[in-house]
Amino acid sequence: MDTDEGRIGDEFLRQMEQVAAYVPYMVTPGNHDAKYNFSHYKNRFTMPRSSDNMIYSWNIGRAHIISFSTEFYYFLQYGFTQIRSQYEWLERDLQEASKQENREQRPWIISLGHRPMYCSNTDQDDCTYVRDRVRKGLLGFYGLEELFHKYGVDLELWAHEHSYERLWPIYDRTVYNGSEEEPYVNPKVPVHVVTGASGCSEKHDGFGPAMPWSAVRCSDYSYSRVTVYNTTHLYMDLYSVDQNATVDKFWLIKERNSLPLTRIISMAEAWKQKREIL
């Protein structure tokens, strides 16, 4: 949005008019929007329940979707308080979305953020390091992985890397598949998908060796589609523009009586303590 004092952003939006006039779309801030404290980005869109489009959420069908700014963790010249404010807002929003009456109506919680917590690219972006800022926070404060896991976020969608990478269900750099045969059936932790290969003048980001969490990787120019079918079944696929075909797809299935990982661990610890007492 901010290249050439916003002229490139204006031209992009003019080209998008034929689509944007008919298809609703939601935006999430990225690093290429950063100039003048994201003013070009902030003043070109109007997202729900937000004064600046940086943090907001909305309900659609059976899903609660949250858009937030990963860029607060990197453009610190605009202030540190925005990290704390966003974290507190996210927790309030997740608490509301996780209330029993709300989760029964909208069991799927999906997050949208620009810079991923995990990736296996070779560009030395933050997601290639153990202590990714979005995941672990700054100086150990305001990391989002634990927060999202605590409130049972189901699907975390990312971009920034100019490639596509579907991960196995993961938390704290450890894979927790639902089962060996059906990894996306009742996983106890979130599923991450990095889908940032729709096109960029910088072209693609290369891949390094596959990591333990890497399920599928693709460098085609592509875009992803998510369909929430009902309270238990979510479908996601990747459409390759290069091949004019769907090149990846998976079902995320959650039987809502399945317990999250933290609840299972706490129950196991309680049983252990009970046995020690006896």
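Provided above is the structure to which this section pertains.
Structural notes, computed from the coordinates. Keep in mind that what you see is a predicted model, and the values were worked out from it rather than measured.

## Overview of the pattern of salt bridges
Reasoning step 1: Inspection of every chain in the model, using the stated rule, returns twelve salt bridges.
Reasoning step 2: Here D10 makes a salt bridge to R44, at a shortest N to O gap of 2.7 Å. Separated by 34 residues along the polypeptide, D10 in helix α1 (residues 7-20) and R44 in the loop between α2 (35-42) and β1 (56-60) bring together distant segments of the chain.
Reasoning step 3: On the basis of relative accessible area, D10 is assigned to the partly exposed category, the value being 31%.
Reasoning step 4: With relative accessibility at 25%, the residue R44 sits in the partly exposed group.
Reasoning step 5: One salt bridge in this structure joins K254 and D154, with 2.7 Å as the shortest N-O distance. You can see K254 sitting in the loop between β14 (245-253) and α7 (261-277) and its partner D154 sitting in the loop between α6 (144-150) and β6 (155-158), a full 100 residues away along the chain.

## Brief notes about empty space enclosed by the protein
Reasoning step 1: In total, this model carries one cavity of 30 Å³ or more according to the counting rule given.
Reasoning step 2: Taken as a whole, the largest cavity encloses approximately 30 Å³ of empty space.
Reasoning step 3: For the largest cavity, the full set of lining residues is Y74, R115, P116, D125, D126, C127, D132 and H160.
Reasoning step 4: Class assignment of the residues belonging to the lining of the largest cavity gives a composition of three nonpolar, one polar and four charged.

## What to know about the packing of aromatic side chains
In this description, an aromatic ring pair is defined by two values, namely the gap between the centres and the angle between the planes.
Reasoning step 1: Under the defined criterion, the tally for this structure stands at 17 aromatic pairs.
Reasoning step 2: For the pair Y184 and F250, a centre-to-centre distance of 4.8 Å together with 40° between the ring planes defines the contact as tilted. Taken as a pair, Y184 in the loop between β9 (174-175) and β10 (191-195) and F250 in strand β14 lie far apart in primary sequence, 66 residues in all. Of the two residues, Y184 and F250, neither departs from the other in class, the shared state being buried.
Reasoning step 3: In textbook terms, an aromatic cluster arises when at least three aromatic residues are bridged by ring pairs, as seen for F80, Y87, F141 and Y142.

Parameters at a glance
Residues numbered from 1 in each chain as written. Predicted model: local features only at pLDDT ≥ 70, side-chain atom pairs only at ≥ 80, totals over all residues. Heavy atoms only, no water. Salt bridge = Lys/Arg side-chain N within 4 Å of Asp/Glu carboxyl O. Helix = DSSP H or I, 4+ residues; strand = E, 2+ residues; numbered from the N terminus. Buried < 20%, exposed > 50% of the residue type's maximum accessible area, 1.4 Å probe, protein only. 1 Å grid on protein atoms, 1.4 Å probe; cavity = no way out; pocket = protein on both sides within 12 Å on 5 of 7 lines; lining within 4 Å. Points joined across faces, edges and corners; volume = space filled by probe spheres on them. Nonpolar A, V, L, I, M, F, W, Y, C, P; charged D, E, K, R; others polar. Phe/Tyr/Trp six-rings, centres within 6.5 Å; stacked < 30°, edge-to-face > 60°.

So far we have only geometry, and geometry alone does not tell us how the molecule works.
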